[in-house]
Number of protein chains: 4
Amino acid sequence: MAGSTFGNRFRIMTWGESHGKGIGVVVDGCPAGLPLCEADIQKLLDRRKPGQSRFTTQRQEGDRVEILSGVFEGKTTGTPIALEVRNTDQRSHDYGNIKEVYRPGHADFTFDAKYGFRDYRGGGRSSGRETIGRVAAGAIALKLLESMGIQIRAYTRSIGNVAVEPSRFELDEMWRNRLYMPDAEAAKAAEALLEAAMERKDSVGGVCECVISGLWAGVGEPVFDKLDAVLAKAMFSIGAVKGFEVGDGFDAAAACGSGNNDAFGLDEDGQVVKKTNHAGGILGGISDGSAVVFRTAFKPTPSIASPQSSVTRDGKETTLEIQGRHDPIIVPRAVVVVEAMAALSVLDLLLENMAARADKILEFYGK
Amino acid sequence: MAGSTFGNRFRIMTWGESHGKGIGVVVDGCPAGLPLCEADIQKLLDRRKPGQSRFTTQRQEGDRVEILSGVFEGKTTGTPIALEVRNTDQRSHDYGNIKEVYRPGHADFTFDAKYGFRDYRGGGRSSGRETIGRVAAGAIALKLLESMGIQIRAYTRSIGNVAVEPSRFELDEMWRNRLYMPDAEAAKAAEALLEAAMERKDSVGGVCECVISGLWAGVGEPVFDKLDAVLAKAMFSIGAVKGFEVGDGFDAAAACGSGNNDAFGLDEDGQVVKKTNHAGGILGGISDGSAVVFRTAFKPTPSIASPQSSVTRDGKETTLEIQGRHDPIIVPRAVVVVEAMAALSVLDLLLENMAARADKILEFYGK
Amino acid sequence: MAGSTFGNRFRIMTWGESHGKGIGVVVDGCPAGLPLCEADIQKLLDRRKPGQSRFTTQRQEGDRVEILSGVFEGKTTGTPIALEVRNTDQRSHDYGNIKEVYRPGHADFTFDAKYGFRDYRGGGRSSGRETIGRVAAGAIALKLLESMGIQIRAYTRSIGNVAVEPSRFELDEMWRNRLYMPDAEAAKAAEALLEAAMERKDSVGGVCECVISGLWAGVGEPVFDKLDAVLAKAMFSIGAVKGFEVGDGFDAAAACGSGNNDAFGLDEDGQVVKKTNHAGGILGGISDGSAVVFRTAFKPTPSIASPQSSVTRDGKETTLEIQGRHDPIIVPRAVVVVEAMAALSVLDLLLENMAARADKILEFYGK
Amino acid sequence: MAGSTFGNRFRIMTWGESHGKGIGVVVDGCPAGLPLCEADIQKLLDRRKPGQSRFTTQRQEGDRVEILSGVFEGKTTGTPIALEVRNTDQRSHDYGNIKEVYRPGHADFTFDAKYGFRDYRGGGRSSGRETIGRVAAGAIALKLLESMGIQIRAYTRSIGNVAVEPSRFELDEMWRNRLYMPDAEAAKAAEALLEAAMERKDSVGGVCECVISGLWAGVGEPVFDKLDAVLAKAMFSIGAVKGFEVGDGFDAAAACGSGNNDAFGLDEDGQVVKKTNHAGGILGGISDGSAVVFRTAFKPTPSIASPQSSVTRDGKETTLEIQGRHDPIIVPRAVVVVEAMAALSVLDLLLENMAARADKILEFYGK
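Residues numbered from 1 in each chain as written. Chains lettered and ligands numbered in written order. Predicted model: local features only at pLDDT ≥ 70, side-chain atom pairs only at ≥ 80, totals over all residues. Heavy atoms only, no water.

A. The pairing of strand 8 (residues 151-159) of chain B, seen in detail. All names here are of chain B. Here strand 8 pairs with strand 10 (residues 206-213) via eight bridges, running antiparallel. Each residue of the ladder has a partner; that of A154, found in strand 10, is C210. Hairpin connection from strand 8 to strand 9 (residues 162-163): two residues lie between these consecutive antiparallel strands, with G160 at a positive phi of about 55°. (Pairing = 2+ DSSP bridges. Helix = DSSP H or I, 4+ residues; strand = E, 2+ residues; numbered from the N terminus.)

B. Molecular detail of the relation of the copies chain B and chain C. With an RMSD of 0.0 Å, chain B superimposes on chain C once it is rotated by 180° and translated 0.0 Å along the axis. Classification of the inter-copy transformation places it as that of a two-fold axis. (Least-squares fit on C-alpha atoms with pLDDT ≥ 70 in both.)

C. Expanded view of the interface of chain A and chain B. At the junction of the two partners, chain A supplies 107 residues and chain B supplies 107 residues. Here chain A meets chain B over a buried area of about 8300 Å², counting both sides, of which 63% is carbon and sulfur. Linking chain A with chain B are four salt bridges. At the junction of chain A with chain B, the criterion picks out 47 residue pairs in polar contact (both at pLDDT 80 or more). Looking at the side of chain A that touches chain B residue by residue, the classes come out as 49 nonpolar, 33 polar and 25 charged. (Contact = heavy atoms within 4.5 Å. Buried area = accessible area lost by both parts, 1.4 Å probe. Salt bridge = Lys/Arg side-chain N within 4 Å of Asp/Glu carboxyl O. Polar contact = N/O pair within 3.5 Å; in protein donor to acceptor, adjacent residues only side chain to side chain. Nonpolar A, V, L, I, M, F, W, Y, C, P; charged D, E, K, R; others polar.)

D. Layout of the packing of helix 5 (residues 227-236) of chain A against helix 5 (residues 227-236) of chain B. Relative orientation of the contacting elements helix 5 of chain A and helix 5 of chain B amounts to 165°, with a least axis distance of 7 Å. In terms of axis orientation, helix 5 of chain A runs roughly antiparallel to helix 5 of chain B. Viewed along their axes, helix 5 of chain A and helix 5 of chain B form a crossing whose handedness is right-handed. Contact residues: D228(A), A229(A), V230(A), A232(A), K233(A) and F236(A) in helix 5 of chain A; D228(B), A229(B), V230(B), A232(B), K233(B) and F236(B) in helix 5 of chain B. When its residues are assigned to classes, the contact of helix 5 of chain A with helix 5 of chain B shows eight nonpolar, no polar and four charged. (Axes fitted to C-alpha atoms, helices over the stretch in contact; angles between N-to-C directions. Parallel < 35°, antiparallel > 145°, perpendicular 65-115°, else oblique. Left-handed = near helix turned anticlockwise from the far one by under 90°.)

E. Representation of the side chain of N177(B). Residues and elements named next belong to chain B. Along the chain, the position of N177 falls in the loop between strand 9 and helix 4 (184-199). Given a relative accessible area of 8%, N177 falls into the buried group. Of note is the side chain of N177, whose polar atom sits 2.8 Å from the backbone oxygen of M181. (Buried < 20%, exposed > 50% of the residue type's maximum accessible area, 1.4 Å probe, protein only.)

F. Region of interest: the interface of chain B and chain C. With 46 residues of chain B at the contact, the number on the chain C side is 46 residues. Both sides together, the interface formed by chain B and chain C hides about 3600 Å², and carbon and sulfur atoms give 60% of it. Between chain B and chain C we count six salt bridges in total. In this structure, E66(C) and R86(B) form a salt bridge, with 3.0 Å as the shortest nitrogen-oxygen distance. Between chain B and chain C we count 16 residue pairs in polar contact (both at pLDDT 80 or more) in total. Sorting the residues of the side of chain B that touches chain C by element identifies strand 2 (11-16), strand 3 (22-28), strand 4 (65-67), strand 6 (75-76), strand 7 (81-86) and helix 2 (108-115) of chain B as the ones contributing at least two each. With six residues, strand 2 of chain B is the single largest residue contributor to the side of chain B that touches chain C. Tallied by class, the residues present in the side of chain B that touches chain C amount to 16 nonpolar, 15 polar and 15 charged.

G. The arrangement of helix 2 (residues 108-115) of chain A in detail. Across the eight residues that make up helix 2 of chain A, a large majority, seven, are buried. Those residues of helix 2 of chain A that are buried are in contact with strand 12 (264-266), strand 13 (272-274), strand 14 (282-283) and strand 15 (286-287) of chain B. Just past helix 2 of chain A, the residue G116(A) takes up positive phi, approximately 90°.

H. Broad picture of the confidence of the model for chain A. Here chain A averages 94 in pLDDT, while 95% of its residues score no lower than 70. Quick note on the complex model: pTM equals 0.97, ipTM equals 0.97. (pLDDT = per-residue confidence, 0-100.)

I. How the structure looks around the sheet that holds strand 9 (residues 162-163) of chain A. Strand order across the open sheet formed by ten strands is 9(A)-8(A)-10(A)-16(A)-11(A)-11(B)-16(B)-10(B)-8(B)-9(B), with antiparallel pairing between neighbours. Each of the sheet's edge strands pairs with one partner strand only, and the pair in question is strand 9 of chain A together with strand 9 of chain B. As paired elements, strand 11 (residues 241-246) of chain A and strand 16 (residues 292-298) of chain A share five bridges and run antiparallel to each other. Its bridge partner being in strand 16 of chain A, G243(A) is matched across the sheet by A297(A). Contacting strand 11 and strand 16 of chain A together with strand 11 (241-246) of chain B, helix 5 of chain A crosses the sheet at an angle of about 160° to strand 11 of chain A.

J. How the structure looks around the sheet that holds strand 10 (residues 206-213) of chain D. Spatial strand order, 9(C)-8(C)-10(C)-16(C)-11(C)-11(D)-16(D)-10(D)-8(D)-9(D): ten strands in an open sheet with antiparallel pairing. Two strands in the sheet have a free side with no partner beyond their single neighbour: strand 9 (162-163) of chain C together with strand 9 (162-163) of chain D. Where strand 8 (residues 151-159) of chain D meets strand 9 of chain D, two bridges bridge the pair, whose relative direction is antiparallel. In the strand pairing of strand 9 of chain D, S158(D) is matched with A163(D).

K. Here's a closer look at the packing of aromatic side chains. Enumeration according to the criterion identifies 52 aromatic pairs over all chains in this entry. A ring pair is formed by F72(A) and Y120(D), whose centres lie 5.2 Å apart and whose planes are at 85°; its orientation type is edge-to-face. Within this pair, whereas F72(A) is found in strand 5 (residues 71-72), its partner Y120(D) is found in the loop between helix 2 (108-115) and helix 3 (131-146), the two belonging to separate chains. A relative accessible area of 6% places F72(A) in the buried class. (Phe/Tyr/Trp six-rings, centres within 6.5 Å; stacked < 30°, edge-to-face > 60°.)

See the structure below:
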């Protein structure tokens, strides 16, 4: 397995540590003939960049992506696409005591337990910067999906106990506040919540919601590579994720069948449609033609400035105070990561689905 | 991908439809030398059998498992283990209108959309009987894990709005009621809830909780094959699952970092331990030595006797009344499926982890 | 990896030992809608059956295949197809000393070295009977390929030093002799050679040639999943194979570029064709539209009746005389196995190739 | 599958085109704690560099490798290792007519057939430069294998009809001639052969032999991931390979069982050994403790200066004269590629084999 590979048909392998020479990804299996340039990818990378608001890290990360292979005369060639972002800031840092002390809520201890030692600089491989590779590859998947009329849109659904109010939901509002929250009022309340958290040197969790529209029925492979199963893995592979649900999700567990089932009907064109969407667009692991809706729960940023009890690598109890500035909330910067991972999941299964029917294969090959 | 394969090192391929000739699984990659007999597997299969209470289907399923390969003189040989359960009841049934009408909440429509037609008998491949293969393979994984001191225990955490009360939690109680609920009082309330649902021809959802104890730190592969990511996929591959969370899960999204972080300390042996377990035993996708705790949300049984609006295969609106007797709740029978899928996930990653360190590999081979 | 899985899109998992309860295979990823019945598969299995001539084992193997899943109303459903052949002869045998003594040229020693013990009955998993699963799955692949106009034909090219003479080559002759040799005269000479070998209690090796016609240009994935690379693995996974070559093969190593290169030209329809086929139908790992031609070298049957030096499991030198009747030549029975493995390889890559171009994907989905 | 990924446990993904920005590889699954620096990798890359003799391209390729991730404080961390070689010579070239005309023996036509267009500069992805990624990753695998006492040594076995004479075989001689031929006299004859070929604007094929020593019995996974099957795929994935054989190979097809079987005996330590090695170190797909010996046949360099018949992309017949200087023989530069691919194959299976026995797993984890 080896861990840093995702997808089968549209397969990516990511690499890189927070304070190493760079971060990157190779995409193996991108179809040929897709127009692609660095700007297509940079656009998404810029959305995950820090330094965009008071609630995200101030460190200026250049994060310029370079396409090293697989694109010729402006189009993908079908061969692997290598994408790379060089780390611009590689000065020798003072990493303080995080070299020796395990930060609570971080992977320091578990990396040591697994590998015997770790690259402690800025979190190494378990840093949020690892997502650059996912987003870069996801940008390609998104471009291909969009050419098929599939849209993937994620946004901040809640921060702490401040949630988007359905009646006030306005998608475009997400672009007007730095929390990517499609509800101006909730965004304001969330900002206040974050201010307060920062003041008491604390952080807050939140939920990201994602909607995939334009996806037709039939995508997803029973029984283990169901669309929701692949999305679940994709989302839980993102750092700090603690929960995932589709459609009514955990609420469905408290519901009755008569309320939770979505009745089938016909639309004006006589096509089968669900009259409601408690299922979140997936039945039996296969897309059902309704919008795919899911939510991902992120824990609060584990790096907080308050003193915390911990232990050192050599087994002494100690108190840790994490230095530097850290985002008090993960969700806003994760929004684009959720979109990227959703795109990678959907595209992989959509390509897989091309082999579902013998008659379609013969037709494809003109037989 | 092809969909019916799970795992890499301990890999299974399941097969079978509800009313076909049988259901089965092949396990490819089971280590040699594990004592194994049919009773080891039958024991778990019996736990998912229907007909055990008023709330589970009365149909008598024999479900006798047969080991066809990979075991010699009572021990696994390292070669594939084929397990098979022949369907005993294969009389020609009257499948009524489910051949022509899409049942709400089921995969009838999406299978047709994907494959062009479907085996409609009893749900075909998307029937709950599909889980027999998972449970049979999971029984082997569980046996191997148990020999290493790892215990996996799932139980019903809630049914509708009736949840186990932490103060009344008593694990062994799960064996004393047919709902596998470790709280006698909650079980009684849940039974009343189910009775009421059945009377109004309805069904109820619920949550299954699972605890993995005895697992050491270090299992799970960053960044995509994290332990929680693999568990998420495993759980979401089970029919009717709509949510999954680890540790504090969705509650973590409403928490503060200071409350959610688990401080590190030392136990009496000087070993690193987390003083709390909000993380649910996983940090950075790697087991941290605490118990792994997760919850899986199941929607209500979609097969309900009340009339429902639907459409036919040939595009006519209709009203469907599902015949026959169906469980009003999925969770109790899913408990053993959750254990099985958890075992398959953990074992696969535990074997993968053997290659994490060069020094351990040399030691393994005596170099 | 786990070893008994082959293919990605059209994936098979085989199971079974020579003298266990049965032999079988599960096919995961077969497209829906292919007409399929047991006779389609039995036809191929019968070709690998022993007892068809003086040069093949006399043991009567029933080898009746049963389809257990994945087919409904005479067509594949897109879900896994389980195929099974029960061993009819399971009486307790006297396995003589092969339980304790390592047979030269067999896998007895290496299985013990790897797994600690082995199912010694009739060779267990490393018996030729293992190929039943491959052939059964290959029959499905062949049927699908044939519906696309692709023909796969293997035959005996040489036995010992008796080779088919190009000037006498007549394909249909292969069905008129039990050696599957498309040259009547060579077949007669080979029979004499085999008679002589049997008399001196010896065995003979041989070469199987295979031709795939009707395959268009474009199938095969650079750089590791090249068509020839996948075929090479497929062939070398068959027991007793020691060599594999494509087109001019090893002769190309002694040739000059001017003689080995195939010039391009145009056929009467103005299509690009190669004027010769030294390449064997593959350029850069991708099918080039010419016939794919390859040869597979099989060593002599290792089970011979003459006394051989060997050692026992507990480390004593001894002399072994293998009892029972064994084919003096492997190739004729392997011909159908070569066809099956070739079909599995080509089909897998042909399905994979559907995702090679973005424009074709959009067209497939009507976008 | 996606094509540019090799291996499961020690998995690599290569990328890059001949005249793109660079060539590289990511290694996912390298065990932690292996000392590694750029010199370890550069050493092997230098062996495949052109410009080392009259028989290899004069173009000066810098080919300096850079480690971008996965190594910290001089040791591998267990996370992906990204290796990159930037192309130094990226001036705009005159690619002459190869943009429009299909070169015989090359993949120009098949890439167009598959992908619709191609990066024609210097062969693009199907250039020999693609092997840089393999060799770079292979250097890591070799280092780890060597730390376990496993040696992999390839050399030129024959060029055209000039073969190493067993009686004159001297391994160290391979380092004293630029053809990597372990026989001084044969090397001299081969040089004359190559001179003659160059004079008549032609090229020559050859065979590379490889010996893996120090590998214990037990590595290789029946039935599809046999050691020889994985090696066969690895070798056939190298450009220009047309044949592969293990041990006696094709000669075994003309042999008798009594001559081909390797008798077992005991060595001075009472260990089981084969008295001969016709099998080439592999029985039943599992290493048997003898040296693994295999040969790979390479066709003559397809780029020759003589005029060749061909066709253009737009379907006109033409005559092609390939410009520039090209090696008249591929084998000497492929020797290190064979070693690299052999190392990747063996290491992957050696890691896989760690899970073969339940008792060894328990022991590994101290249970």
